[in-house]
Amino acid sequence: MKYDVIVIGLGSAGLMIADRLNDSGLKVLVLEQNRRAGVKLLLTGNGRCNVMSSDNAEDFVAAVHNGRFLRSAYHKYNVKKFFDKHNLKLKQENRRLYPASEKARDVVNAFKIDHAKIKYKEKVEDLIFEDDKLVGVKTNVDTYLGKNIVVCAGGKTYPQSGSDGSLHRILKKHGVKLTKIYPSEVALIFDDFTELSGVALQNVRMFHKKNERTGDLLFTHKGLSGPLSISMGEFVARFPEDKFYLDFYPELNEEKLFEKLWQDNKYLHGKLPKSFYNFMLDKYFPENVSKKELRKFVAKIKRYELVGVKTMPLEYAFTTAGGVDLKGVSPKTCCHKKIDNLYFAGEILDLHGEIGGYNLMVAWFTGMIVADAIKEKFGIELEREVNII
């Protein structure tokens with residue numbers, strides 16, 4: 001049998017594509033190397049699944065690396081309406097939307113994919129070309145012919161979810177250009193505070209010359225974790241030559257904090273966790289402090305340099321930064337510009353967002369783009385949607 005569409009991977013993007021093609025009448029084959037669908041999706045948001053963000057278009061584009069690629073998709077597609085139609089109730093916490101049940105499994109189960117042929121525990125080993133034309137896929141089990149091939153097999157991080165990067169190698173072999181790969185949503189290795197493992201700080205700022213974030217920080221036995229360090233991890237990976245700093249008390253600038261401490265050297269007592277406060281005093285606050293020494297202490301509070309900081313290895317990151325180079329992909333169809341029946345969706349592309357539902361939105365949008373492009377190719381009428389969140 002020759003399939004109309006072969007989808008590689010049944011994660012977030014693959015689920016969206018299979019759902020959008022479910023009632024199309026097309027012969028769709030989905031190949032998934034895991035035993036079940038949405039393995040990584042089930043892990044998101046600590047099992048609660050941060051489905052999406054309620055950001056407007058500009059904020060969404062700013063929060064996603066290469067977000068301009070998806071600007072039109074944001075205006076075209078209404079993700080919340082999609083889940084409403086699938087009877088998945090969402091609830092909002094700040095700008096983040098979760099399933100009302102707080103169960104990621106309910107998100108996976110919301111997708112309607114019963115008309116697709118799904119083969120689990122089949123790992124793609126190669127793409128098949130004949131006379132320079134992409135004609136199918138070879139797995140560890142069999143060979144399948146297809147008119148259109150969609151790669152949405154994830155990135156190279158979190159390999160226990162099936163995203164082992166094997167499709168990167170296969171795509172490169174067939175001339176698809178990929179950008180440099182590095183970890184995103186990843187904890188940091190840093191030695192200075194390991195004795196404070198388990199201590200958490202709120203409202204800490206981390207910055208370098210290009211980016212900054214403010215959030216909660218957790219000291220671990222290996223370094224730094226928590227939302228702040230995880231959101232800054234990709235910048236540590238991308239800019240290893242830069243100096244990175246922590247500001248433990250963003251409420252006051254350096255001069256104001258100096259004045260407060262000069263007037264009352266216990267000003268920070270009670271404003272920082274006791275163990276961290278005592279740690280900083282013991283290391284950097286001499287008994288008979290001079291103005292010069294106090295300024296050094298203030299600098300440690302406001303600009304603690306993370307000398308030698310690095311990310312945990314790629315396989316420990318939750319998201320892959322980098323992927324298929326967008327210069328070779330059409331933003332209208334997510335199709336390769338030279339291989340006209342090869343499509344991409346999700347984390348395999350050089351698209352990734354900050355924590356907060358953005359990576360799933362990348363998967364939803366690119367999945368919708370691909371499904372609609374394939375429908376158009378077969379002359380199937382599209383749903384008309386406008387994104388109003």
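As a starting point, this report considers the structure included with it.

## Remarks on the overall build of the protein chain
Consideration 1: For the protein chain, the helix and strand inventory stands at 11 helices and 21 strands.
Consideration 2: A principal-axis box enclosing the C-alpha atoms of the protein chain has dimensions of 85 × 40 × 35 Å.
Consideration 3: In the protein chain, which comprises 389 residues, the proportion classed as buried is 55%.
Consideration 4: When contacts within the protein chain are restricted to residue pairs at least 6 apart in sequence, long-range pairs at least 24 apart make up 72% of them.
Consideration 5: In the form shown here, the protein chain has an accessible surface area of approximately 18,200 Å², with 46% of it arising from carbon and sulfur atoms.
Consideration 6: When the 61 positive and 50 negative side-chain charges of the protein chain are each reduced to one mean point, those points stand 1 Å apart.

## Overview of the sheet that holds strand E16 (residues 245-247)
Consideration 1: The sheet built from seven strands is open, its strands ordered E17-E16-E13-E14-E15-E12-E18 with antiparallel pairing. Edge positions in the sheet fall to strand E17 (304-305) and strand E18 (310-311), since each has one partner strand and no second.
Consideration 2: As defined by bridge partners, strand E13 (residues 200-207) adjoins E16 across three bridges and the pair is classed as antiparallel. Across the sheet, residue phenylalanine 207 finds its bridge partner in E16, namely tyrosine 245.
Consideration 3: Sitting on the sheet, helix H7 (residues 226-238) is in contact with strand E12 (188-189), E13, strand E14 (212-219), strand E15 (223-225), E16 and E18, with an inclination near 120° to E14.

## Focus: the sheet that holds strand E5 (residues 90-93)
Consideration 1: Strands sit in the order E3-E6-E5 across an open sheet of three strands; the sheet is antiparallel. Pairing within the sheet leaves two strands with one partner each, and these edge strands are strand E3 (52-53) and E5.
Consideration 2: Bridging between E5 and strand E6 (residues 96-99) involves four bridges; their strand directions are antiparallel. Paired with leucine 90 across the two strands is proline 99, which belongs to E6.

## Brief notes about unusual backbone geometry
Consideration 1: Non-glycine residue glutamate 102 carries a positive phi angle of around 60°.
Consideration 2: Within the secondary structure, glutamate 102 sits in the loop between E6 and helix H5 (104-110).
Consideration 3: Given the relative accessible area of 30%, glutamate 102 is considered partly exposed.
Consideration 4: The phi dihedral of glutamate 185 falls on the positive side, at around 50°, and the residue is not glycine.
Consideration 5: The class for glutamate 185 is buried, based on a relative accessible area of 16%.

## Description of the environment of phenylalanine 258
Consideration 1: Along the chain, phenylalanine 258 falls in helix H8 (residues 254-263).
Consideration 2: Note on phenylalanine 258: relative accessible area 6%, which makes it buried.
Consideration 3: Between the C-alpha atom of phenylalanine 258 and that of phenylalanine 297, which follows or precedes it by 39 residues, the distance is 8.9 Å.

## Section: the nonpolar core
Consideration 1: Ranked by internal contacts, the top residues of the largest apolar core, which has 86 residues, are Phe83, Leu171, Leu342 and Phe344.
Consideration 2: The greatest single-element share of this core, amounting to 13 residues, is contributed by helix H11 (residues 358-377).
Consideration 3: What leucine 342 contacts, discounting residues up to four positions off in sequence, is Leu127, Leu134, Ile149, Val151, Leu171, Val176, Cys334, Cys335 and His336.

## A look at the packing of H8 against helix H10 (residues 291-302)
How two helices pack is summed up by the angle between their axes together with the distance between the axes.
Consideration 1: Between H8 and H10, the least distance of the axes is 10 Å, while the angle of their chain directions is 125°. Taken together, the axis directions place H8 and H10 in an arrangement best described as oblique. The element H8 and its partner H10 pack so that their crossing is right-handed. Residues Glu254, Glu255, Leu257, Phe258, Leu261 and Trp262 of H8 form the contact with H10, whose own contacting residues are Lys291, Leu294, Arg295, Phe297, Val298, Ala299, Ile301 and Lys302.
Consideration 2: Grouping the amino acids of the contact of H8 with H10 by side-chain chemistry returns nine nonpolar, no polar and five charged.

## A few points about the packing of aromatic side chains
Consideration 1: Evaluated as defined, the whole model comprises 24 aromatic pairs.
Consideration 2: Both rings, one in phenylalanine 82 and one in phenylalanine 83, keep their centres 5.1 Å apart while their planes meet at 85°; by these two values the pair is edge-to-face. The burial state of phenylalanine 82 is the same as that of phenylalanine 83; both residues are buried.
Consideration 3: On the basis of an interplanar angle of 80° and a centroid distance of 5.9 Å, the ring pair of phenylalanine 83 and phenylalanine 111 is categorised as edge-to-face.

## Overview of the pairing of strand E9 (residues 133-139)
Consideration 1: Among the seven residues in E9, five count as buried, and that is most of the element.
Consideration 2: In this sheet, E9 lies alongside strand E8 (residues 124-130) in antiparallel orientation, the contact comprising six bridges. Of the residues in E9, the one forming a bridge with isoleucine 128 is glycine 136.
Consideration 3: Hairpin geometry of E8 and E9 is characterised by an intervening segment of two residues between the two adjacent antiparallel strands and by a positive phi of about 55° at aspartate 131.
Consideration 4: Pairing of E9 with strand E10 (residues 143-151) involves three bridges; the strand directions are antiparallel. Paired with lysine 138 across the two strands is threonine 143, which belongs to E10.
Consideration 5: Connecting the antiparallel pair E9 and E10 is a turn made up of three residues.

Each value, and the rule that gives it
Residues numbered from 1 in each chain as written. Predicted model: local features only at pLDDT ≥ 70, side-chain atom pairs only at ≥ 80, totals over all residues. Heavy atoms only, no water. Helix = DSSP H or I, 4+ residues; strand = E, 2+ residues; numbered from the N terminus. Buried < 20%, exposed > 50% of the residue type's maximum accessible area, 1.4 Å probe, protein only. Contact = heavy atoms within 4.5 Å. Areas by Shrake-Rupley, 256 points an atom, 1.4 Å probe, with all protein chains shown as cover. Lys, Arg positive; Asp, Glu negative; His and termini not counted. Charge placed at Lys NZ, Arg CZ, Asp CG, Glu CD. Pairing = 2+ DSSP bridges. Axes fitted to C-alpha atoms, helices over the stretch in contact; angles between N-to-C directions. Core = buried A, V, L, I, M, F, W, Y, C linked by side-chain atoms within 4.5 Å. Parallel < 35°, antiparallel > 145°, perpendicular 65-115°, else oblique. Left-handed = near helix turned anticlockwise from the far one by under 90°. Nonpolar A, V, L, I, M, F, W, Y, C, P; charged D, E, K, R; others polar. Phe/Tyr/Trp six-rings, centres within 6.5 Å; stacked < 30°, edge-to-face > 60°.

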